[in-house]
Amino acid sequence: MLPNSSKALAQALVNLPAASQISDKLECASAAVTQRIAFVERVMEAHPWASEQKGRLAASLTTIERRKQDQSLYLAIVGEFNAGKSTLINALMGVELLASDILPATTCAVTMLQHRDRFTLEAKRNDGVKFHPKACDDVDRLRAWLQRLTADEQISSRLESVKVGLPSAALADGLVIVDTPGTNVDNERHVSVTRWAVREVCDAVVVVIPADIPASQSLLDFVDSHLKEVLHRCLFVVTKLDGIREEEQGWLLRTVAGRISALGFKHPKVLPGYSLLALNAANGLSWNEAAPHLNERLCERYLSQFEETKNLIYALLRRQRSLIIVEKLNSLMTDLLDGLQFDLGEMEKSYLDRHRVLEEKQIVDLAVYTRDQKAKHKSLLRGSLRKVKRELELKITRAEKELLEKLRRCIFTASSTGDLTQALESEPDRLLRTAQKRARKQLAEALRRLSAEASAQAEGFEKEFQGLYTSLATLGGRLKVNEKRTKATISGLRFEAVEDLNRVSLELIAQDQSSDMKALGAGAGIGAIIGSLLPGVGTLIGGLIGSYIGTRFMTSLEDLKSQCWEQMRSSVKKSLSEARHQLRQSLSQNHKHLEENLERIIDLYSTRYSDLVLKMIDRDRQESKNLKRQREAAQRQLAELAQHRNDLDHLRMQLKQM
């Protein structure tokens, strides 16, 4: 028959499951997690995730797998200054390593205590640099170094963490105890350090509550502000119970549980912690040396209850470790589920948008479009031809007047037959050749202008067409336009101008082989020499002068001038008339050639466009098929994900109820 105090104490532990029950369920949870991790890997491999999203999901999965492979159990010890944290940690390890709480800043940095074959110390600075102090080969030296690094705020504020290794049998099964700064010290950095350790590092949290101050308001405020999200990971250990009368201990544990329940945490696990008694016993002290105010029976009972507390902490740590992995895996599956649903919606939206744009932007009746483009640009080119012809006619008319006037002066300023003969032997040749050169230049300029206008029309069409081509080529992601390749393609279709228009040669004055010229007889010898220099008109004038001179002044000088002038003017006008006709023909022929080139350009572009549209339509059909397959695959994955997530939710609830 247990005394009333022991009954009350046993009642405080009634909601805690047996360690063996926890172990069996955790084995099943581990197998379930392994199966779901394999499924997640298949989903991540099968789905075409965006690179950033895939990287984020892969990082989460790597974290889960790494934590699953790490068999260590991370236990955070949280409490106020002078609550007995250090004594509890020493008792759990069975080694008196940490100094008792003599200062509010006993631990200012996260300190991880883990099993090693010998005493070791590793400090990691905030910049990632690690260093290992020497001479830490026994507990006393290690304690001194640890006190130096973690109790001084100026030093500890530069440290990210401190890892301590020690040969403790209590830590040999993978327990890692994480000591944190006191919660009731007015130091925001300490609060941040503790919060980070609890949320990011540890599987479970032991909140230390001293029996002489059972759940102070400051501690409850800290729990409510910083541990609310992880309350299900928290255990509450009441220390310094060996100084409280046995009959009051049960009531004290229930009181603490009630105050914690007021925060919204149903059925908090409040455990007794006879840490000082346990530490003294671990140091080899007898019961009367360890606790002279207690009898042997109570010492044995308290030590037995402390061992049960240790076992329950360890069992619940294993549960929390599995629960955290399940929660992280469940969160990852939720992200996968949301990502698949989002990607599926985006794929469908993207396809519908591209399909709509293709229907809106493509030229439905390409034949009509091509015909209209040809008519439009040919009409503009013809307008340019008319303008060029008018300007060239005006230039030829002015040139004709200037030429005739110069030839007239050449004839009528002669004072003798000899002067006339000498003048006609040189001046007409020079004037006609100058006129011929000028006419050729004007024609070449007219042709260049016409060619430039044709090029402008081609470029105008190209620019308009390139907009259509590019808008289609950039639809979606699989026919992205390659700028370099596109330019090369368009360059290959560009307008080819008429070959070297500067080489165009036009005989302005046709050779005149009329019977009247031939009838001049031998007197045409001089004219033939002149004619060899002056094509057409030059031959006519030379023959005419030669025949008159050969008759030895058959007529007067004035009559000779008049006859030469009349004959020359008639011949020049006739030749220039023929030249105009030839110029018109040349312009028309070149215009026809330019129109043909322009039509060829439009036809080539239209063919290229038609090919592109066919590819786009074929891609559209193929994407529709691919989308259907992806939708079906995604829906299967969504259904499986939903089922696995539901299973994990059920597993999570089972773990929480353990």
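Predicted, not measured: the structure shown is a model, and the values here were computed from it.

Along the chain, Gln53 turns up in helix α3 (residues 51-69). Take Gln53: its relative accessible area is 15%, and that puts it in the buried class. Excluding its chain neighbours within four sequence positions, the residues that come into contact with Gln53 are Gly339 and Asp343.

In contact at an axis separation of 8 Å, helix α4 (residues 85-93) and helix α10 (residues 275-282) are set at 45 degrees when each is read in the N-to-C sense. Between α4 and α10, the angle falls in the class oblique. Judged by the sense of rotation from one axis to the other, the crossing of α4 with α10 is left-handed. Listed contacts from α10 to Thr87, Leu88, Asn90 and Ala91 of α4 are Ser275, Leu276, Ala278 and Leu279. Residues of the contact of α4 with α10, tallied by class, amount to five nonpolar, three polar and no charged.

Here the focus is the layout of surface pockets. The calculated volume of the largest pocket comes to roughly 450 Å³. As for the largest pocket, its lining consists of 17 residues, of which Thr63, Arg67, Tyr74, Glu200 and Val201 are closest to the centre. Those elements giving two or more residues to the lining of the largest pocket turn out to be α3, β2 (111-115), α7 (188-201) and α12 (296-361). Take the lining of the largest pocket: its biggest share by element is four residues, from α7. Among the residues making up the lining of the largest pocket, the classes are represented as six nonpolar, two polar and nine charged.

Turning next to unusual backbone geometry. With phi around 65 degrees, Lys240 is a residue other than glycine that occupies positive phi space. Topologically, Lys240 is positioned in the loop between β8 (234-239) and α9 (246-261). Judged by relative accessible area, Lys240 falls into the partly exposed class, the value being 31%. The backbone of His267 shows a phi angle near 50 degrees, a positive value even though the residue is not glycine.

Let us look at the sheet that holds β8. The sheet built from nine strands is open, its strands ordered β4-β3-β5-β2-β6-β1-β7-β8-β9 with mixed pairing. Because the sheet does not close on itself, it has two edges, and the strands there are β4 (130-131) and β9 (270-273). Set on the sheet, α7 makes contact with β1 (73-79), β2, β6 (175-179) and β7 (204-210); between it and β1 the angle comes to about 155 degrees. Against the sheet, α9 engages β7, β8 and β9, with an angle of about 140 degrees to β9.

One finds Val207, Leu227, Phe236, Val238, Ile260 and Val270 to be the most contacted residues of the largest nonpolar core, which totals 45 residues. Contributions of two or more residues to this core are made by β1, β6, α7, β7, α8 (217-226), β8, α9 and α12. Not counting the four nearest positions on each side in its chain, Phe236 is found in contact with Val207, Ile209, Leu231, Ile260, Phe265, Pro268, Lys269, Val270 and Leu271. Core analysis: the next-biggest nonpolar cluster, separate from the first, contains 40 residues, Leu75, Ala123, Leu271 and Leu316 among them.

The subject of this paragraph is the packing of aromatic side chains. Each aromatic ring pair is described using two quantities: the centre-to-centre distance and the angle formed by the ring planes. One pass over the structure, following the stated rule, counts three aromatic pairs. Both rings, one in Tyr274 and one in Tyr302, keep their centres 4.1 Å apart while their planes meet at 5 degrees; by these two values the pair is stacked. On the criterion of sequence distance, the pair formed by Tyr274 in the loop between β9 and α10 and Tyr302 in helix α12 is long-range, its members being 28 residues apart. Against the face of Phe412 rests Arg408, its NZ or CZ located 5.0 Å from the ring centre.

So, how was this worked out
- Residues numbered from 1 in each chain as written.
- Predicted model: local features only at pLDDT ≥ 70, side-chain atom pairs only at ≥ 80, totals over all residues.
- Heavy atoms only, no water.
- Helix = DSSP H or I, 4+ residues; strand = E, 2+ residues; numbered from the N terminus.
- Buried < 20%, exposed > 50% of the residue type's maximum accessible area, 1.4 Å probe, protein only.
- Contact = heavy atoms within 4.5 Å.
- Axes fitted to C-alpha atoms, helices over the stretch in contact; angles between N-to-C directions.
- Parallel < 35°, antiparallel > 145°, perpendicular 65-115°, else oblique.
- Left-handed = near helix turned anticlockwise from the far one by under 90°.
- Nonpolar A, V, L, I, M, F, W, Y, C, P; charged D, E, K, R; others polar.
- 1 Å grid on protein atoms, 1.4 Å probe; cavity = no way out; pocket = protein on both sides within 12 Å on 5 of 7 lines; lining within 4 Å.
- Points joined across faces, edges and corners; volume = space filled by probe spheres on them.
- Pairing = 2+ DSSP bridges.
- Core = buried A, V, L, I, M, F, W, Y, C linked by side-chain atoms within 4.5 Å.
- Phe/Tyr/Trp six-rings, centres within 6.5 Å; stacked < 30°, edge-to-face > 60°.
- Lys NZ or Arg CZ within 6 Å of the ring centre and 35° of its normal.

What is shown is where atoms sit, not what they do.
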